[in-house]
Every structure is written in structure tokens, then in C-alpha cells.
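Observations on chain architecture
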Amino acid sequence: MAAYSPNKSVWYNPNIQYLFNTFIGEYDMRDAGYSLIKEFRLLPQSTIDELSKITGRDRHIKVGIIQRDDKEFSRKFQQAFTEARQWFISSNHLNDNQIITVKRDAFFVTQKCINLRRGDIKFRLKNEYTSYIRFPNNHNLELFFNDAGIDVKGMNDSSVDAHRLYMYAFIRSIVSMIERKSKGVKTKMMRFIDEYKSGKLETPYYLEFNNMAREVNPVFNYLNVLVPLVNIIQAEV
């Protein structure tokens, strides 16, 4: 297994394709860019003071412009992210088996973390989940499950909405049954596949389950969503 290195801003654990009935915490760095600039004094104090007077998207855009125009700042800025990720991992004694995925300033982990602050850098427990599935052959599309529904990483909101009453809802029902170790999940899955292959389902079920969600492509969903789900069910129930 390729070990995680903090200089990687995006990482998927190759040994974790799915988890069920497990604590999964999303810890992210609050106001990451500005916090790192303050903590590591990456800009003159006058510029930091100027950034303190703007918030949200405006500050994010301003930092992006500085990063574009100042290559030395850009290098130090990326190094600051690396150091912050290294601190979070080491201070919470995380190993690769406990890290599911990394998204620049966010960690999805299976261990509750208590060391969340270093100076101006503040991590927070943003979300908690109970189950997780990654579709490695579908651009590493990730689904995080809790009682509120599914958070989809790698698919924009409009694409998720296109699937919400269809494949999204079906996958949620399957995962709920897997979590309960319900033997009926095998029958439900096979019945769904039979109907899917026969073309009896509503058209949105055949819409590609990916970030584009534009093309009706039954083969894509069958190979990249349904077959992996069948394999998971066979292994877990």
C-alpha cells in the first residue's frame, strides 16, 4: 500500500473501498488559507490586516490573486498546507489504516480526534458518518452516509439533484439494508438489476451516475455502480 504523505493534497486510501457501521469523521480546517497565512506569517502584516477586513469568498479570491502573482508566496502557501496536515496527523496519532481520504484541508478518518488547534490553525469536526463507499473506476466517486442522507464527493449539486429520487435513493436503501445485515438486500439488488437490464425503470435511473450526469448510459451505471454494489453485498451480507 502506498503510504499517505502530507505533501499530497488529495489522497484516497487504496485499502478502503467501503466501510459500514463505523465512526467516520470529517475534520476540516476552518478558513484554511487565511489561518495558514496568519500562523506562518506568509505575508506582510499590513496585507494580513487588509485580509482580516474581508471575509468569505472575497477573501478567498484575494488570496488566490496573491498566490497567482507571487510564486514565492504560492510555494510557501502550499508548504504551509503540508505542515498543517502533518501536524494534524502526528498530534492525533493517525495511521494510514485510519485515514479514508484527504481533501487538501480536510481529513475523513475513523478515529475521533481531540487535538484540533495549533495557534491560528483550527480544525473542527464538520460531519459524522456511519458508512462509506468509493467507486474507484468512476473517478473515485465517494459516498458518505448518515441518517440525514448521502454526501457525495466528486459530483456537483445539480448532478446529485438529477439522481436524488432515482439511483441516489436506491443506493441509500441498499446501504441501509447492508448496515442492518438484512439478507433481503440480495433479493432487492437482483430484482433491481433484472428490472434495470430490461429497461423497465424510469429514464433517470440510466443517467450516468457521475459529475456530468448528462448522458443516458445504462452500461456505465451497470459496470461502475451496480456491479461494485453486488460485490460489496456478497462480501458483507
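Presented here is an overview of the structure given in this document. (Residues numbered from 1 in each chain as written. Predicted model: local features only at pLDDT ≥ 70, side-chain atom pairs only at ≥ 80, totals over all residues. Heavy atoms only, no water.)

Let us now look at the overall build of the chain. Within the chain, the secondary structure is distributed over eight helices and ten strands. The dimensions of the chain, computed from C-alpha atoms along their principal axes, are 65 × 35 × 30 Å. By the burial criterion, 46% of the 237 residues in the chain qualify as buried. Considering only contacts in the chain between residues 6 or more positions apart, those separated by 24 or more positions represent 63%. Of the roughly 12300 Å² of accessible surface on the chain, 47% is carried by carbon and sulfur atoms. Put simply, the chain has 34 plus and 27 minus side-chain charges, and the middle of one group is 2 Å from the middle of the other. (Helix = DSSP H or I, 4+ residues; strand = E, 2+ residues; numbered from the N terminus. Buried < 20%, exposed > 50% of the residue type's maximum accessible area, 1.4 Å probe, protein only. Contact = heavy atoms within 4.5 Å. Areas by Shrake-Rupley, 256 points an atom, 1.4 Å probe, with all protein chains shown as cover. Lys, Arg positive; Asp, Glu negative; His and termini not counted. Charge placed at Lys NZ, Arg CZ, Asp CG, Glu CD.)

Quick look at the environment of Lys-186 now. Its location among the elements puts Lys-186 in helix H7 (residues 184-198). In sequence terms Lys-186 and Ile-174 are twelve residues apart; their C-alpha atoms lie 9.2 Å from each other. Discounting chain neighbours no more than four positions away, the residues touching Lys-186 are Ile-233 and Val-237. Polar contacts involving the side chain of Lys-186 include one to the main-chain carbonyl oxygen of Val-237, which spans 3.1 Å. (Polar contact = N/O pair within 3.5 Å; in protein donor to acceptor, adjacent residues only side chain to side chain.)

Right, let's get into the layout of surface pockets. The volume enclosed by the largest pocket comes to roughly 310 Å³. If you trace the largest pocket, you find 16 residues lining it, with Asp-31, Ala-32, Gly-33, Tyr-34 and His-60 closest to the centre. Elements supplying a minimum of two residues to the lining of the largest pocket: helix H1 (32-40), helix H3 (56-69) and helix H4 (71-91). It is H3 that contributes the most residues to the lining of the largest pocket, six residues altogether. The residue makeup of the lining of the largest pocket, split by class, is six nonpolar, five polar and five charged. (1 Å grid on protein atoms, 1.4 Å probe; cavity = no way out; pocket = protein on both sides within 12 Å on 5 of 7 lines; lining within 4 Å. Points joined across faces, edges and corners; volume = space filled by probe spheres on them. Nonpolar A, V, L, I, M, F, W, Y, C, P; charged D, E, K, R; others polar.)

Right, let's get into the pairing of strand S8 (residues 131-135). Two faces belong to every sheet, and in a regular strand the side chains alternate between them. Of all five residues that make up S8, five are buried, and the element is covered over most of its length. Taking every second residue as pointing to the same face, both faces of S8 are buried, with Ser-131, Ile-133 and Phe-135 on one and Tyr-132 and Arg-134 on the other. Two strands pair when backbone bridges link them, and strand S2 (residues 18-19) and S8 are joined in this way by two bridges, in the antiparallel orientation. Pairing of Tyr-18 across the sheet is with Ile-133, part of S8. Examined bridge by bridge, S8 and strand S9 (residues 141-146) share five bridges and lie antiparallel to one another. Paired with Tyr-132 across the bridge in S9 is Phe-144. If you look at the hairpin formed by S8 and S9, you'll find five residues sitting between the two strands, and His-139 has a positive phi there, around 55 degrees. (Pairing = 2+ DSSP bridges.)

For the rest of this paragraph, the subject is the packing of aromatic side chains. For the coordinates displayed, the defined rule picks out 17 aromatic pairs. Summarising the aromatic geometry, the rings of Tyr-18 and Phe-20 are spaced 5.5 Å apart at their centres and angled 35 degrees between planes, so their arrangement reads as tilted. On the basis of relative accessible area, Phe-20 is assigned to the buried category, the value being 13%. Of note, Arg-104 hangs over the ring of Phe-81, and the distance from its end group to the ring centre comes to 4.0 Å. Here Arg-164 stacks its cationic end above the ring of Tyr-168, 4.9 Å away from the centre of that ring. (Phe/Tyr/Trp six-rings, centres within 6.5 Å; stacked < 30°, edge-to-face > 60°. Lys NZ or Arg CZ within 6 Å of the ring centre and 35° of its normal.)

Honestly, that's just the spatial picture; any functional story needs more than this.
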